[in-house]
Amino acid sequence: MMSLPDFLEKSIVVCNTTEGQTVSFKNDNVLIKDKEGNVILQHSCYRIFSLWIIGNTSITSGILQRSKKFGFSIFLFSYSFRLVGVWNNAAEGNFILREKQYSYDKLDIALHIVKNKIQNQIQLLKTIRSKTDEQQKAITSISDYLKNIQTESLKELLGIEGITTRIYFSSWFADVQWNGRKPRTKIDKTNTILDIGYTYLFNIMDAMLNLYGFDLYKGVYHQNFYQRKSLVCDLVEPFRCIIDRKVKNAYNMGQIKDEDFDIIKGQYFLKRENSKIYTGWILHEIMNYKKQMFLYVQSYYRSFMRQKPISQYPKFLIKDE
């Protein structure tokens, strides 16, 4: 399995076909070329963690063979950043891990994950410098839920997480014109950008979990649902705050502009010519935490395999900038 020093040397390589870019290989290097055929990026295959291709492309057997040889995953996205397909480098055959996954039927890990997520929501709200009365009340309210949260039923846990998240979003984005968090609806700029950020975060977590051979469809909090990678949904929860903070900061810095979007049938879509810019600052922010994400997944794997007490399971706590 990959060590931390090896992982830190690896990168995500992005090919944006919306700009006419193409991907090819020469010896043990990946080449990204512009529409004139000029090489704009040359990267050793040994140092690729994941290859992301945005837009229409053709996948050759040579690309897939190199993915297996050098151990990197391939993610294919549509122009609107919808995930089209995945070619993952999985640790196949870890049947002992999967046996433990299938036999696990408790709620303690789910509670641990939800508490961690709520802790980060509170932490972000506390960083607001000039808090309104409503934001102060939100911190108090969410903190009370965190203190009293129990594991009596999954339904109750889902309900509390839903309540705290609604309170959090209404306070965190209080100065942004939007209609509240509504996943995959694209009803405003904020929801569209959050969807993109969460998708990228999800796919990085997906690739990391595959390093250990988890069954990604067997969750501990998000329950089994056809074709849903519930375990990835679970472990990405504590890290969503990374995207939340970056999106708010991007608004404050003027990085999010009305003219960067098209509105089609009431839905906001990022214009193709702007996809590279937004992808750049979103991915840069996520990769600032790649070490923490790797260690979190590594620790989760070891804790789960060894059936450690829940107090020894990993936490991700976001810090002040």
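Residues numbered from 1 in each chain as written. Predicted model: local features only at pLDDT ≥ 70, side-chain atom pairs only at ≥ 80, totals over all residues. Heavy atoms only, no water.

(A) Region of interest: the overall build of the chain. Looking only at helices and strands, the chain has 11 helices and nine strands in total. Overall, the chain is about 60 × 50 × 35 Å in size when its C-alpha atoms are taken along their principal axes. Among the 321 residues that make up the chain, the fraction classed as buried is 50%. Of all intrachain contacts in the chain linking residues separated by at least 6 positions in sequence, the fraction that spans at least 24 positions is 64%. In the form shown here, the chain has an accessible surface area of approximately 15900 Å², with 49% of it arising from carbon and sulfur atoms. Between the averaged position of the 45 positive side-chain charges in the chain and that of its 32 negative side-chain charges there is a distance of 3 Å. (Helix = DSSP H or I, 4+ residues; strand = E, 2+ residues; numbered from the N terminus. Buried < 20%, exposed > 50% of the residue type's maximum accessible area, 1.4 Å probe, protein only. Contact = heavy atoms within 4.5 Å. Areas by Shrake-Rupley, 256 points an atom, 1.4 Å probe, with all protein chains shown as cover. Lys, Arg positive; Asp, Glu negative; His and termini not counted. Charge placed at Lys NZ, Arg CZ, Asp CG, Glu CD.)

(B) Inspection of the environment of Arg82 at higher detail. Mapped onto the secondary structure, Arg82 falls in the loop between strand S6 (73-77) and strand S7 (83-87). Exposure remark for Arg82: the relative accessible area of 54% places this residue in the exposed category. Along the sequence, Arg82 and Tyr104 sit 22 residues apart, while their C-alpha atoms lie 32 Å from each other. Those residues in contact with Arg82, other than ones at most four positions away along the chain, are Leu76 and Phe77.

(C) Structural detail: the pairing of strand S9 (residues 267-270). For strand S8 (residues 261-264) and S9, the ladder comprises four bridges, and the chain directions are antiparallel. By the bridge assignment, Ile263 is partnered in S9 with Tyr268. Hairpin remark: S8 followed by S9, antiparallel, with two residues in the connecting loop; positive phi at Lys265, about 50°. (Pairing = 2+ DSSP bridges.)

(D) Region of interest: the pattern of salt bridges. The final tally for this structure, using the stated rule, is eight salt bridges. Close ionic contact of Glu161 with Lys117 constitutes a salt bridge, the shortest N to O distance being 2.5 Å. With Glu161 in helix H6 (residues 154-172) and Lys117 in helix H4 (residues 108-126), this pair connects stretches of sequence that are 44 residues apart. Owing to a relative accessible area of 11%, Glu161 belongs among the buried residues under this scheme. By relative accessible area, which is 10% here, Lys117 ends up buried. Here Lys229 and Asp206 are joined by a salt bridge, their closest N and O atoms 2.6 Å apart. Residue Lys229 is located in the loop between helix H7 (189-210) and helix H8 (230-236), and its partner Asp206 is located in helix H7; the two are separated by 23 residues in the primary sequence. In terms of burial, Lys229 and Asp206 fall into one category: buried. (Salt bridge = Lys/Arg side-chain N within 4 Å of Asp/Glu carboxyl O.)

(E) Main features of the sheet that holds strand S5 (residues 48-54). With respect to topology, four strands assemble into an open sheet ordered S1-S5-S6-S7, the strand pairing being mixed. Since the sheet does not close on itself, it has two edges, and those belong to strand S1 (11-16) and S7, each with one partner. Direction aside, the axes of adjacent strands within the sheet are offset by 15° on average. Sheet analysis places S5 next to S6, joined by five bridges and oriented parallel. Along S6, the bridge assignment pairs Trp52 with Phe75. In the packing of helix H2 (residues 61-70) onto the sheet, the strands contacted are S6 and S7, and the crossing angle to S6 comes to about 135°. (Axes fitted to C-alpha atoms, helices over the stretch in contact; angles between N-to-C directions.)

(F) Layout of the packing of aromatic side chains. Under the definition given, this model contains 25 aromatic pairs. Judged by centre distance (6.2 Å) and plane angle (10°), the rings of Phe169 and Phe173 are stacked. The class for Phe173 is buried, based on a relative accessible area of 1%. Taken together, a centroid distance of 5.9 Å and an interplanar angle of 70° make the contact between Phe169 and Trp178 edge-to-face. Judged by its relative accessible area of 7%, Phe169 falls in the buried class. On the basis of relative accessibility, which here comes to 15%, the residue Trp178 falls in the buried class. Taken together, the ring pairs in this structure connect Tyr104, Tyr212, Phe214, Tyr300, Tyr301, Phe304 and Tyr313 into an aromatic cluster. Here the basic side chain of Arg240 rests over the ring of Tyr198, its NZ or CZ set 4.6 Å away from the ring centre. Directly above the ring of Phe7 sits Lys290, whose terminal nitrogen or CZ lies 5.8 Å from the centroid. (Phe/Tyr/Trp six-rings, centres within 6.5 Å; stacked < 30°, edge-to-face > 60°. Lys NZ or Arg CZ within 6 Å of the ring centre and 35° of its normal.)

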